[in-house]
Amino acid sequence: MSVTDAVAVKSSFSPVPATAEQNTKPSLIGLSREEMGDALRQKGVPDRQVKMRVSQIWNWVYVRGVSDFDHMSNVAKDMRDMLKTHFTIARPEIVEEQVSNDGTRKWLLRFPPRGAGRPVEVETVYIPEEGRGTLCISSQVGCSLTCSFCHTGTQRLVRNLTAEEILSQLLLARDRLGDFPDRDVPVGAMVPAEGRKVSNIVMMGMGEPLYNFEAVKQALLIASDGDGLSLSKRRITLSTSGVVPEIIRTGEEIGVMLAISLHAVRDDLRDILVPINKKYPLKELIDACRKYPGLSNARRITFEYVMLKDVNDSLEDAKGLIQLLKGVPAKINLIPFNPWPGTNYQCSEWSQIARFADFINSAGYASPIRTPRGRDILAACGQLKSESERMRKTERLAFEAMMIANHGADD
Ligand code: SAH
Ligand code: SF4
């Protein structure tokens, strides 16, 4: 692992990265209780013990964050040996950890192939804020969609992540941030809701989560399970570019908060910026949003709107936005465009973003501009990209210098 601009990180347990041997074993992370029970049964755990073993393992893995069976002190040694022989709970390898000058952290993680295929790499980003911290999780390696302003969209889809790989991003971040309780916490303890470093998660990393529905669902149900990572579903947000048929299912089957990558209020423009619009145009998208289960003024959909200079940032667009969202319990998030090497788009002028925001504010939506975070380490929205097409270090340094010259180090 290499650490760029590293600061000391307090961690109760050091994550145990997978060894070559563990890489080929099935992981117990990301399995539902039933699946874990079946896996244990197949390895000879007697029926009458299965339920108890599953709840012990869930508690060790998700509440206490262990990544080594030998730390499971209330599990008999022969049982631990059996688990070690057949399964793994090891973390992915950290290829690189970067810390931005604003405290944002980005990890490049490598997941083993688990059988056939090649290892894959994804990025996960942690954004600390006053009194809270948000983890931005990836759902796919690359993306099959090609939104024209998004860096991830230039990386072809390599594959969907599994529920294990999605959840492991959360477990690893909590390891690195020292966010798991110390080992002497009584067995069965709950994860405290207050004072957590990772208090919120957003499915806003690489990939389109609704093109990987089942794995995302399973991972988020474990993340929000009271015996799992017990994050409130109100603190989990799934962002979609607009896969209409899965939107209602997201509300019904996962029950998390929804964000829509809107970015344009006319079909002709959205067809270019977010090409999935050709399949599911604005009317269908907004209709599906209106039907999202559990919406109220206290539980709104977030509409993300990237500010692209002279493309979608006029006051006409702002008017169109308010018109389009009429009657939908909505929050609007204006995202200053985050540039990446090779893009033809530019971020709107700050004065124009302010005018646009004022218009939106006067229509009753509160302070909608999202401050870009972690731009200097390419960790901001839409800048993630991994694997073979990753920039070489020299290219990255040149890009970072350009960013600082154009925007200042802290913008
Ligand atoms: N695929 C999902 C999840 C990714 S979320 C989706 O599109 O919703 C990432 C968010 O950042 C999306 O709203 C995306 O449209 C936005 N985004 C992509 N590229 C960006 C960029 N260069 N600058 C700012 N925001 C960007
Ligand atoms: Fe994929 Fe979302 Fe980027 Fe579009 S914005 S290319 S859907 S990651």
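Residues numbered from 1 in each chain as written. Chains lettered and ligands numbered in written order. Predicted model: local features only at pLDDT ≥ 70, side-chain atom pairs only at ≥ 80, totals over all residues. Heavy atoms only, no water.

1. Quick look at the overall build of the protein chain
- Each helix and strand in the protein chain was counted, giving 12 helices and 12 strands.
- Residues counted as buried form 57% of the 411 residues belonging to the protein chain.
- Look at the contacts in the protein chain between residues 6 or more apart in sequence, and 69% of them connect residues 24 or more apart.
- Total accessible area on the protein chain stands at roughly 17,400 Å², and carbon and sulfur atoms take up 52% of it. (Helix = DSSP H or I, 4+ residues; strand = E, 2+ residues; numbered from the N terminus. Buried < 20%, exposed > 50% of the residue type's maximum accessible area, 1.4 Å probe, protein only. Contact = heavy atoms within 4.5 Å. Areas by Shrake-Rupley, 256 points an atom, 1.4 Å probe, with all protein chains shown as cover.)

2. Some details on the packing of aromatic side chains
- A full pass over the atoms with the stated rule returns three aromatic pairs.
- Consider the rings of Trp 58 and Tyr 62, whose centres lie 5.2 Å apart with planes at 85°: the pair is edge-to-face. You can see Trp 58 and its partner Tyr 62 sitting in helix α3 (residues 47–63), four residues apart, about one turn around the helix. Summarising the burial analysis for this pair, Trp 58 and Tyr 62 share the class buried.
- Its end group placed over the ring of Phe 180, Arg 174 keeps NZ or CZ at 4.4 Å from the ring centre. (Phe/Tyr/Trp six-rings, centres within 6.5 Å; stacked < 30°, edge-to-face > 60°. Lys NZ or Arg CZ within 6 Å of the ring centre and 35° of its normal.)

3. Brief notes about the site of ligand 2
- Close to ligand 2 lie Cys 143, Leu 145, Cys 147, Cys 150, Gly 153, Gly 207 and Ser 241, which account for all nearby residues.
- Tallied by class, residues from the shell around ligand 2 come to four nonpolar, three polar and no charged. (Near = heavy atom within 4 Å. Nonpolar A, V, L, I, M, F, W, Y, C, P; charged D, E, K, R; others polar.)

4. Quick look at the pairing of strand β3 (residues 105–111)
- Within β3, six of the seven residues are buried, which leaves it mostly tucked inside the rest of the structure.
- Looking at chain direction, strand β2 (residues 93–99) and β3 are connected through six bridges and run antiparallel. Bridge pairing in β3 places Gln 98 opposite Lys 106.
- Between β2 and β3, which follow one another and run antiparallel, lie five residues, and Gly 103 among them has a positive phi close to 95°.
- Pairing geometry for β3 and strand β4 (residues 120–129), over seven bridges, is antiparallel. For Leu 109, the partnering residue across the bridge sits in β4 and is Val 122. (Pairing = 2+ DSSP bridges.)

5. Brief notes about helix α2 (residues 33–42)
- Burial in α2 covers these residues: Met 36, Gly 37, Ala 39 and Leu 40. Along α2, the residues classed as buried sweep out an arc of 160° about the axis, all on the same side. α2 presents Glu 34 and Gln 42 as exposed residues on the side facing more than 90 degrees away from its buried surface.
- For α2, the secondary structure elements touched by its buried residues are α3 and α4 (77–86).
- A positive backbone phi angle near 95° is found at Gly 44, which sits one or two residues after α2. (Arc of directions from axis to C-beta.)

6. Here's the deal with the site of ligand 1
- In the vicinity of ligand 1 lie 22 residues, with Gly 207, Ser 239, Ser 261, His 263 and Asn 338 positioned nearest.
- Between a nitrogen atom of ligand 1 and a main-chain N or O atom of Phe 149, the distance comes to 3.1 Å.
- At 2.6 Å from an oxygen atom of ligand 1 is found a side-chain nitrogen or oxygen belonging to Ser 261.
- Looking at the shell around ligand 1, the elements with two or more residues in it are β9 (236–240), β11 (301–307) and β12 (330–336). (Polar contact = N/O pair within 3.5 Å; in protein donor to acceptor, adjacent residues only side chain to side chain.)

7. Some words on the pattern of salt bridges
- Summed over all chains, the structure comprises 27 salt bridges.
- Two residues, Arg 174 and Asp 179, come together in a salt bridge whose shortest N-O distance is 3.4 Å. Both residues of the pair, Arg 174 and Asp 179, belong to the buried class.
- Two residues, Glu 246 and Arg 249, come together in a salt bridge whose shortest N-O distance is 3.0 Å. Linking Glu 246 with Arg 249, this pair stays in helix α7 (residues 244–254), spanning three residues, or about one helical turn.
- You can call Glu 246 buried: its relative accessible area is 18%.
- Owing to a relative accessible area of 26%, Arg 249 belongs among the partly exposed residues under this scheme. (Salt bridge = Lys/Arg side-chain N within 4 Å of Asp/Glu carboxyl O.)

8. Considerations on helix α11 (residues 350–362)
- Across its 13 residues, α11 extends 18 Å between first and last C-alpha, which sits within 8% of the 18 Å expected from 1.5 Å per residue.
- Inspection of α11 places Gln 352, Ile 353, Phe 356, Ala 357 and Ile 360 among the buried residues, and these make up the whole buried set. One side of α11 carries all its buried residues, which in axial view fall inside an arc of 135°. Structural note: α11 exposes Asp 358 and Ser 362 on the side pointing more than 90 degrees away from its buried face.
- Those residues of α11 hidden inside the fold are in contact with β11, α10 (315–324) and β12. (Expected span 1.5 Å × (residues − 1).)

9. Considering the side chain of Ser 27
- Relative to the helices and strands, Ser 27 resides in the loop between α1 (20–23) and α2.
- At 3.0 Å, the side chain of Ser 27 and the backbone nitrogen of Ile 29 are in polar contact.
- Apart from the residues within four sequence positions on either side, Ser 27 is in contact with Thr 88, Arg 114 and Glu 164.

10. Concerning the packing of α7 against helix α9 (residues 282–290)
- Contact geometry for α7 and α9: axes closest at 9 Å, N-to-C directions at 10°. Classified by the interaxial angle, the pair formed by α7 and α9 is roughly parallel. Of the residues in α9, those in contact with Val 244, Ile 247 and Ile 248 of α7 are Glu 284, Leu 285 and Ala 288.
- Of the residues in the contact of α7 with α9, the class split is five nonpolar, no polar and one charged. (Axes fitted to C-alpha atoms, helices over the stretch in contact; angles between N-to-C directions. Parallel < 35°, antiparallel > 145°, perpendicular 65-115°, else oblique.)

11. With respect to the packing of α2 against α3
- Close contact between α2 and α3 brings their axes to 9 Å; oriented N to C, the two are set at 125°. Comparing the axis directions of α2 and α3 gives the class oblique. The element α2 and its partner α3 pack so that their crossing is right-handed. Only Asp 47, Val 50, Arg 53, Val 54, Ile 57 and Trp 58 of α3 make contact with α2, whose side of the interface consists of Arg 33, Met 36, Gly 37, Leu 40 and Arg 41. (Left-handed = near helix turned anticlockwise from the far one by under 90°.)

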